[in-house]
Amino acid sequence: MAIQVGDKAPDFELKDNHGRTVRLSDFRGEKNVVVLFYPFAFTGVCTGELCELRDNLPRFADRDTQLLAVSNDSIHTLRVFAEQEELEYPLLSDFWPHGNVSRAYGVFDEDKGCAVRGTFIVDKEGVVRWTVVNGLPDARDLDEYVKALDTL
């Protein structure tokens, strides 16, 4: 079961597409965070969603929000994907131990071996304030994230 609104967001420590360590708790007291889980780099719906986020980064920055995109791909795959698509926000690898963070958030599909499309808006205190979980083929609506951020 996915983490619910009002829950304390599980902290995590993952490597980004440049091999740097990123912790959710590093943003506590500083920024809101959108934690966005997606199945795989280089797939059609995922690429479309992540490029839409790239094209709308000011909408997050204007709301004092850090975007963290998490998949079960390796950091090497994520590095190439980010370079190819010119993604400037962190792509985090939940590759090993495989899917541990995705499982902690309740969005890991055991049969497929990847995360489903789960999005969690975490406020500056580390509490989940909005969430949506979509199946693998169903893209999320960026405007819904922004509306939720405007309520913080």
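Computed from a predicted structure; not experimentally measured. For every chain, the first residue of the written sequence is number 1, and numbering continues from 1 along that sequence. Totals for whole chains, interfaces and linings use every residue, but because this is a predicted model, local features are given only for residues with pLDDT of at least 70 and side-chain atom pairs only at 80 or more, for both listing and counting. Only hydrogens and water are set aside when side-chain values are computed; all heavy atoms of the structure are taken into account.

Student: Just give me the short version of the overall build of the protein, but keep the residues and values in it.
Tutor: What the protein contains, in helices and strands, is five helices and nine strands. Seen in sequence order, the protein has helices and strands lined up from the N terminus as β-β-β-α-α-β-α-β-α-β-β-β-β-α. Based on C-alpha atoms, the radius of gyration is set beside the globule rule, defined as 2.2 Å times the residue count to the power 0.38. Relative to the globule expectation of 15 Å for 152 residues, the C-alpha radius of gyration of the protein, 14 Å, shows essentially globular dimensions. Taken along its principal axes, the extent of the C-alpha atoms in the protein is 35 × 30 × 30 Å. For the protein, the proportion of its 152 residues judged to be buried stands at 50%. For the purposes of this entry, the term helix denotes a DSSP run of H or I that reaches at least four residues, the term strand denotes a run of E that reaches at least two, and both are numbered from the N terminus. Each residue's exposure class comes from its accessible area (1.4 Å probe, protein chains only) as a fraction of the maximum for that residue type: buried when under 20%, exposed when over 50%, partly exposed otherwise.

Student: Please provide a residue-by-residue account of helix α5 (residues 142–149), values included.
Tutor: Within α5 the residues assigned to the buried category are Leu142, Tyr145, Val146, Ala148 and Leu149. Mapping the buried residues of α5 onto a view down its axis gives an arc of 160°, with all of them on the same face. Only heavy atoms enter the contact rule, under which two residues are in contact if any of them lie within 4.5 Å. Residues of α5 that are buried make contact with β3 (32–37), α1 (44–55), α2 (57–61), β4 (65–71), β8 (117–122) and β9 (128–134). Nitrogen and oxygen atoms within 3.5 Å of one another constitute a polar contact, given that in protein one can donate a hydrogen and the other can accept it, and given that sequence-neighbouring residues count only through two side-chain atoms. Residue Asp141 occupies the N-cap position of α5, its side-chain oxygen lying 3.0 Å from the main-chain nitrogen of Asp143. This arc is taken over the directions from the axis of the helix to the C-beta atoms.

Student: Which residues make up the side chain of Asn72, and what are the values?
Tutor: Within the secondary structure layout, Asn72 lies in the loop between β4 and α3 (75–85). Looking at Asn72, its side chain comes within polar contact range of the main-chain oxygen of Asp94, at 3.2 Å. For Asn72, the side chain forms a polar contact with the main-chain nitrogen of Ala115, separated by 2.7 Å.

Student: Give a detailed account of the pairing of β8, specifying residues and quantitative values.
Tutor: Of all six residues that make up β8, six are buried, and the element is covered over most of its length. With burial as the criterion, each face of β8 is covered, one bearing Arg117, Thr119 and Ile121 and the other bearing Gly118, Phe120 and Val122. By the convention used here, strands pair only if DSSP detects at least 2 bridges between them. Relative to β8, β3 is paired through four bridges, and the arrangement is antiparallel. By the bridge assignment for β8, Val35 is matched with Phe120. With six bridges connecting them, β8 and β9 associate as antiparallel partners. When the sheet's bridge partners are listed, Ile121 is paired in β9 with Trp130. Here β8 hands over to β9 after five residues, with Gly126 in that stretch at a positive phi of 90°.

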